[in-house]
Amino acid sequence: PLFRSPHYARKERSLDIYKLENLKKRLEEYKIKDEKDTYIFRVNKKYAASSSIFFIMISFIALYSLYKELTGAEKFSLFRTILGIALLGYSMFAAWLLFGYKIVIKKNVIIIGKISINMEEIESATVKIDRISAFKYDRFLDIVTKDKKRVKLRLNIGNDVLFLKLIQNYTGDKLVIS
């Protein structure tokens, strides 16, 4: 087109940071050494650290507020106490989800929590950029099975190239990076 809006150019630049072409090249060059029966993939360290800082700050603020109320430094407020306990509960639950998240590949089956996907049943697997919030994008693996079930996995895991290489080895040409 002759004219592209500034928003389109901004979006196009922001998607360049995910370097799908670079991922495609790294995937082609990657060789699996010492193949195992079971692989476990957890959240990558950068994502875990940035999320942990947020949860630690929320917990600290909630604990400090509760401490000041319980020691009598501030007037007791039922609303603040309930809010503090709720914030602590939220941060503990979110931390449990974050550090408990794992994807397991056992022989030819992908296991994510209670979901199991047999790689022989995969009709297509596409790595693409998708929106995770209003202004934030990230890489996803979109899996469609032969019985038309769709699973989207955010690729914020450690060693995502090994993960994609294992899927590529089992599915062949069905893995596409777009």
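Engineer: Could you give me a rundown of the environment of Phe93, with the residues and numbers involved?
Structural biologist: Tracing the chain through its elements places Phe93 in helix H4 (residues 78–100). Accessibility expressed as a relative area gives 48% for Phe93, which makes it partly exposed. Taking C-alpha positions, Phe93 is 9.8 Å from Phe55, a pair spaced 38 residues apart along the chain.

Engineer: Outline the sheet that holds strand S2 (residues 102–106), supporting the account with residue identities and numerical values.
Structural biologist: With antiparallel pairing, the four strands of this open sheet are ordered in space as S1-S2-S3-S4. Two strands bound the open sheet, and with one partner strand each, they are strand S1 (38–42) and strand S4 (115–118). Looking at each pair of strands side by side, their axes are set apart by 15° on average, direction ignored. Alignment of S1 against S2, held across five bridges, turns out to be antiparallel. Considered in S2, the bridge of Thr38 is made with Lys106.

Engineer: Go over helix H2 (residues 20–29), please, and point to the residues and values.
Structural biologist: Within the sequence span of H2, burial applies to Leu20, Leu23 and Leu27. For H2, the angular spread of buried residues about the axis comes to 55°, placing them on one side. In this structure, H2 carries Glu21, Glu28 and Glu29 as exposed residues pointing more than 90 degrees from its buried face.

Engineer: Break down the pattern of salt bridges for me, with residues and values.
Structural biologist: For the structure on display, the rule yields 12 salt bridges. The salt bridge involving Glu74 is made with Arg80; its shortest N-O contact spans 3.0 Å. A salt bridge links Asp142 to Arg150, with the shortest nitrogen-to-oxygen separation between them at 2.5 Å. Taking relative accessible area as the criterion, Asp142 reaches 4% and is therefore assigned buried. Judged by relative accessible area, Arg150 falls into the exposed class, the value being 56%. Here the salt bridges do not stand alone but share partners, grouping Lys68, Glu69, Glu74 and Arg80 into one network.

Engineer: For the packing of H2 against helix H5 (residues 160–171), give the residues involved together with the corresponding values.
Structural biologist: The interhelical angle for the contact between H2 and H5, taken along N-to-C directions, is 65°, at an axis separation of 10 Å. As H2 packs across H5, the resulting crossing turns out to be right-handed. Residues Leu23, Arg26, Leu27 and Glu28 of H2 touch H5, and the partners they reach there are Asp160, Val161, Leu164, Lys165 and Gln168. Across the contact of H2 with H5, the residue classes tally to four nonpolar, one polar and four charged.

Engineer: Explain the sheet that holds strand S5 (residues 122–131) to me, using residue names and the numbers behind them.
Structural biologist: Adjacent strands of a sheet pair through backbone hydrogen bonds, lying either parallel or antiparallel. Ordered in space as S7-S6-S5-S8, the four strands form an open sheet in which the pairing is mixed. In this open sheet, the two strands that pair with only one neighbour each are strand S7 (150–154) and strand S8 (175–177). Ignoring strand direction, the axes of neighbouring strands in this sheet form an average angle of 25°. As defined by bridge partners, S5 adjoins strand S6 (residues 137–145) across nine bridges and the pair is classed as antiparallel. Bridge pairing in S6 places Ile122 opposite Thr145.

Engineer: Help me get a handle on the environment of Lys128, residues and values and all.
Structural biologist: Mapped onto the elements, Lys128 comes out in strand S5. With a relative accessible area of 25%, Lys128 lands in the partly exposed category. Along the backbone, Lys128 and Arg139 are 11 residues apart, and their C-alpha atoms lie at a distance of 5.6 Å. Not counting residues within four places of it along the chain, the set of residues in contact with Lys128 comprises Asp138, Arg139, Phe140, Asp142, Arg150 and Ser178. Here the side chain of Lys128 touches Asp142 through a polar contact of 3.2 Å, side chain to side chain.

Rules behind the numbers
- Residues numbered from 1 in each chain as written.
- Predicted model: local features only at pLDDT ≥ 70, side-chain atom pairs only at ≥ 80, totals over all residues.
- Heavy atoms only, no water.
- Helix = DSSP H or I, 4+ residues; strand = E, 2+ residues; numbered from the N terminus.
- Buried < 20%, exposed > 50% of the residue type's maximum accessible area, 1.4 Å probe, protein only.
- Pairing = 2+ DSSP bridges.
- Axes fitted to C-alpha atoms, helices over the stretch in contact; angles between N-to-C directions.
- Arc of directions from axis to C-beta.
- Salt bridge = Lys/Arg side-chain N within 4 Å of Asp/Glu carboxyl O.
- Left-handed = near helix turned anticlockwise from the far one by under 90°.
- Contact = heavy atoms within 4.5 Å.
- Nonpolar A, V, L, I, M, F, W, Y, C, P; charged D, E, K, R; others polar.
- Polar contact = N/O pair within 3.5 Å; in protein donor to acceptor, adjacent residues only side chain to side chain.

Shape is all these values report; function is a separate question.
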